[in-house]
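Single-letter residue listing:
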Amino acid sequence: MTRENMEQLRGAYEDGGQLAAAYQAWEAKGPETKSALLELLPDDWSFDGKLVLDFGCGTGRTLRHFLAEADAAEFWGVDVGAEYIKALQDALCPPMHAMRCEVEPPLGLEYGSFDLAWAISVFTHLTDNSIPWLVELHRLLKPGGLLIATYIGRWNSEYAAGEPWNEDLVGMNVLQHTNGWDRGGPIALMSDWWVRAHWGRAFEILEVTPRVHNMRWALLRKRDVEVTPEDLARPEDDPREYLSVRHNLEQVRRELEFTQAVCEKLIVDVRRDVRREYEGSLSWRVTRPLRTAARIARSLRSRSPA
Ligand SMILES: C[S@@+](CC[C@H](N)C(=O)[O-])C[C@H]1O[C@@H](n2cnc3c(N)ncnc32)[C@H](O)[C@@H]1O
């Protein structure tokens, strides 16, 4: 990571205002998100009588734009954030349904019951629970059910990893693993080849959009197979599997170096501030002659013969 990258990242970490503005801009994209979803659905799609799941629905940024469709279909919003679900229950339910889930599956809703699920900007942040949740969504869908899931990589590498995008070095590379959700959560970069290889074992990949909101949007149809997380995680016989894991280790090493540099700087700053504070205090100034006398006495003692 270059010094310039470090400074940019440090700025991003320290500027809470920027983060709040980014969230606001994201929330305002709800109508565009709805349009992107509708655009991806098959031409003959109708919401009539359908059961629909918004997995990782957050604040209901997308769901709240489907109130008209909720006359004809049943919509469920699910999220791990209790405060999001409470707010959604107060604001949109009924006609919507909102439920809190745990960090790990299962969800507790009926398997084979949903016609459509979407996960917007969710698999972009899930880490060890990513594949287990994909398998859970596969189980929740009816035979032939549709899933729209977004993933990031190509347009996020500079920002997230501080390096240009290299498709051959990214499979599912997890960055900022310990980042809290109040700071956007961890980041999972994925490449097209990896999504096709791994998600493709559970879903037929019907369409992948070009850039929409700096993400890929994949329209997937449930394959008629039973899959486990282990089935989906198994590496392909493709050298990029190894290269991407090795590169992810390198990325994590750079993140650790960066964190260490920030911590060291913080320690120096805190020590300096503490020293300034006590050296400016009245008691420190009043007792200065005593400390000087003690220093002189020590030096005289060390010079006198034993
Ligand atoms: C970047 S936000 C996107 C929210 C929403 N889909 C949208 O487009 O506005 C990611 C969401 O995933 C949720 N999330 C994180 N881990 C989750 C999990 N294990 N199960 C369900 N939701 C999760 C977070 O609480 C957050 O609301």
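The following paragraphs examine the structure supplied in this document. Given the structure is predicted, the values throughout are model-derived calculations rather than measurements.

A count of helical and extended segments in the chain gives 11 helices and nine strands. Dimensions of the chain along its principal axes, counting C-alpha atoms only, are 100 × 50 × 30 Å. The buried share among the 306 residues of the chain stands at 29%. The contacts of the chain with a sequence gap of at least 6 include a subset with a gap of at least 24, amounting to 65%.

Below, the discussion takes up the site of the ligand. For the ligand, the set of nearby residues contains 18 residues, the closest of which are Gly56, Gly58, Arg61, Val80 and Ile120. Classifying every residue of the shell around the ligand by side-chain character gives nine nonpolar, seven polar and two charged.

With that out of the way, let us pick up the sheet that holds strand S3 (residues 97–100). Pairing within the open sheet is mixed, and its seven strands lie in the order S3-S2-S1-S4-S5-S9-S8. With one partner strand each, in any of the chains shown, S3 and strand S8 (203–208) form the two edges of the open sheet. When the angles between neighbouring strand axes are averaged without regard to direction, this sheet yields 20 degrees. Sheet topology note: the strand S4 (residues 114–119)/strand S5 (residues 141–151) ladder contains five bridges and is parallel. Each residue of the ladder has a partner; that of Ala119, found in S5, is Ala149. Against the sheet, helix H3 (residues 30–40) engages S4, S5, S8 and strand S9 (216–222), with an angle of about 45 degrees to S9.

Moving residue by residue along a regular strand, the side chains alternate between the two faces of the sheet. Extensive coverage of S5 is indicated by the burial of eight of its 11 residues. As a crossover connection, the stretch from S4 through helix H5 (residues 130–140) into S5 is right-handed. Taken together, the six bridges between S5 and S9 define a ladder with antiparallel strand orientation. Its bridge partner lying in S9, Thr150 is registered against Trp217.

What follows concerns unusual backbone geometry. A cis amide bond links Cys93 to the next residue, Pro94, at an omega of -15 degrees. Tracing the chain through its elements places Pro94 in the loop between helix H4 (82–92) and S3. Cis geometry is adopted by the peptide bond preceding Pro106, which originates at Pro105 and carries an omega value of 10 degrees. Relative to the elements of secondary structure, Pro106 occurs in the loop between S3 and S4. The phi torsion at Gln176 lies on the positive side, around 45 degrees, for a residue other than glycine. As for its placement among the helices and strands, Gln176 is situated in the loop between strand S6 (172–175) and strand S7 (187–190). Residue Gln176 is classed as buried on the basis of its C-beta count, with 21 C-beta atoms lying within 10 Å. For His213, which is not glycine, the phi dihedral falls at a positive 50 degrees. You can see His213 is positioned in the loop between S8 and S9. A residue is classified by how many C-beta atoms lie within 10 Å of it, and His213, with 16 of them, is partly exposed.

Along its 41 residues, helix H9 (residues 239–279) runs 60 Å from first to last C-alpha, staying within 8% of the 60 Å computed at 1.5 Å per residue. Within H9, only two of the 41 residues are buried, which leaves it mostly out in the open.

Further remarks concern the pairing of strand S1 (residues 51–55). Burial analysis of S1 places five of its five residues in the buried class, the great majority of the element. Residues Leu51, Leu53 and Phe55 line one face of S1 and the alternating positions Val52 and Asp54 line the opposite face, and both faces are buried. Of the strand pairs in this sheet, S1 and strand S2 (residues 74–79) are connected by five bridges, and their pairing is parallel. Bridging from a neighbouring strand, Leu53 pairs with Trp76 of S2. As paired strands, S1 and S4 are joined by three bridges and run parallel to one another. By the bridge assignment, Asp54 is partnered in S4 with Trp118.

Next up on the list: helix H11 (residues 288–303). Between its first and last C-alpha, H11 extends 23 Å over 16 residues, near the 22 Å set by a 1.5 Å rise per residue. Counting buried positions along H11 gives zero out of 16 residues, so the element sits mostly on the surface.

Judged by nonpolar contacts, the single largest core of 60 residues is most densely connected at Ala117, Leu147 and Leu189. Not counting residues up to four positions away in its chain, the partners in contact with Ala117 are Leu53, Phe55, Leu137, Leu140, Leu141 and Leu147.

Conventions we followed
Residues numbered from 1 in each chain as written. Predicted model: local features only at pLDDT ≥ 70, side-chain atom pairs only at ≥ 80, totals over all residues. Helix = DSSP H or I, 4+ residues; strand = E, 2+ residues; numbered from the N terminus. Buried ≥ 20, exposed ≤ 12 C-beta atoms within 10 Å, placed from the backbone. Contact = placed C-beta atoms within 7 Å. Near = placed C-beta within 6 Å. Nonpolar A, V, L, I, M, F, W, Y, C, P; charged D, E, K, R; others polar. Pairing = 2+ DSSP bridges. Axes fitted to C-alpha atoms, helices over the stretch in contact; angles between N-to-C directions. Right-handed = clockwise from strand over helix to strand, strands pointing away. Expected span 1.5 Å × (residues − 1). Core = buried A, V, L, I, M, F, W, Y, C linked by C-beta atoms within 7 Å.

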